[in-house]
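Topology and contacts: notes
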Amino acid sequence: MEKPSTKKLISSILLDLVGMATYLFPFIGESFDIIWAPIAGFILNRMYKGTVGKVGGIIVFLEEILPITDIIPTFTLTWLYTRYVSNEKTK
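Just so it is clear, the model here is predicted, and its values are computed rather than measured.

A word on the packing of aromatic side chains. With the rule as written, the count across this model stands at two aromatic pairs. Judged by centre distance (6.3 Å) and plane angle (10 degrees), the rings of phenylalanine 32 and tryptophan 36 are stacked. Placement of the pair is phenylalanine 32 and tryptophan 36 together in helix H2 (residues 28-47), with a separation of four residues, close to one helical turn. Among the residues examined, phenylalanine 32 registers a relative accessible area of 36% and is labelled partly exposed. For the ring pair tryptophan 79 and tyrosine 84, a centre distance of 6.2 Å and an interplane angle of 85 degrees mean the geometry is edge-to-face. On the basis of relative accessibility, which here comes to 8%, the residue tryptophan 79 falls in the buried class.

Right, let's get into the packing of H2 against helix H4 (residues 74-84). Packing of H2 against H4 leaves a shortest axis separation of 11 Å and a crossing angle of 15 degrees. Regarding the angle of H2 to H4, the classification is roughly parallel. Judged by the sense of rotation from one axis to the other, the crossing of H2 with H4 is right-handed. For the pair formed by H2 and H4, the contact residues are Ala40, Ile43, Leu44 and Met47 on the first element and Thr74, Phe75 and Thr78 on the second.

Note that glutamate 64 resides in helix H3 (residues 50-65). No salt bridge is formed by the buried glutamate 64, whose closest oppositely charged neighbour, lysine 8, lies at an N-O distance of 18 Å. Residues within four places of glutamate 64 in sequence aside, it is in contact with Gly19, Asp33, Trp36, Ala37, Ala40, Thr69 and Asp70.

Another point: the packing of H3 against H4. Orientation of H3 relative to H4, taken along the N-to-C sense of each, is 155 degrees, at an axis distance of 10 Å. Here H3 lies roughly antiparallel to H4, going by the angle between them. For the crossing formed where H3 meets H4, the hand is right-handed. Listed contacts from H4 to Val52, Gly56, Ile59, Val60 and Glu63 of H3 are Thr74, Phe75, Thr78, Tyr81 and Thr82.

Cut-offs used in this document
- Residues numbered from 1 in each chain as written.
- Predicted model: local features only at pLDDT ≥ 70, side-chain atom pairs only at ≥ 80, totals over all residues.
- Heavy atoms only, no water.
- Phe/Tyr/Trp six-rings, centres within 6.5 Å; stacked < 30°, edge-to-face > 60°.
- Helix = DSSP H or I, 4+ residues; strand = E, 2+ residues; numbered from the N terminus.
- Buried < 20%, exposed > 50% of the residue type's maximum accessible area, 1.4 Å probe, protein only.
- Axes fitted to C-alpha atoms, helices over the stretch in contact; angles between N-to-C directions.
- Parallel < 35°, antiparallel > 145°, perpendicular 65-115°, else oblique.
- Left-handed = near helix turned anticlockwise from the far one by under 90°.
- Contact = heavy atoms within 4.5 Å.
- Lys, Arg positive; Asp, Glu negative; His and termini not counted.
- Salt bridge = Lys/Arg side-chain N within 4 Å of Asp/Glu carboxyl O.

The analysis is restricted to geometry; functional conclusions fall outside its scope.
Printed below as a string of structure tokens:
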């Protein structure tokens, strides 16, 4: 049986790939970011409770809405932070 943290890592990687997929469609892809940015912020906020989720949700929203920053794997970086740095309990 997989640990919950491993499932969350896989989900984080997949969600980062969705955000990066906009590069596959030049010009049109940036329009998708307007839709994806609030969705990504909401998802990250729900995945990680407390301060980590709130701050991470804001960061992923800004990362997705701003041009050229889509390559930053915010979901995966948040997973790494909660796994190895943060003392805050997550869901």
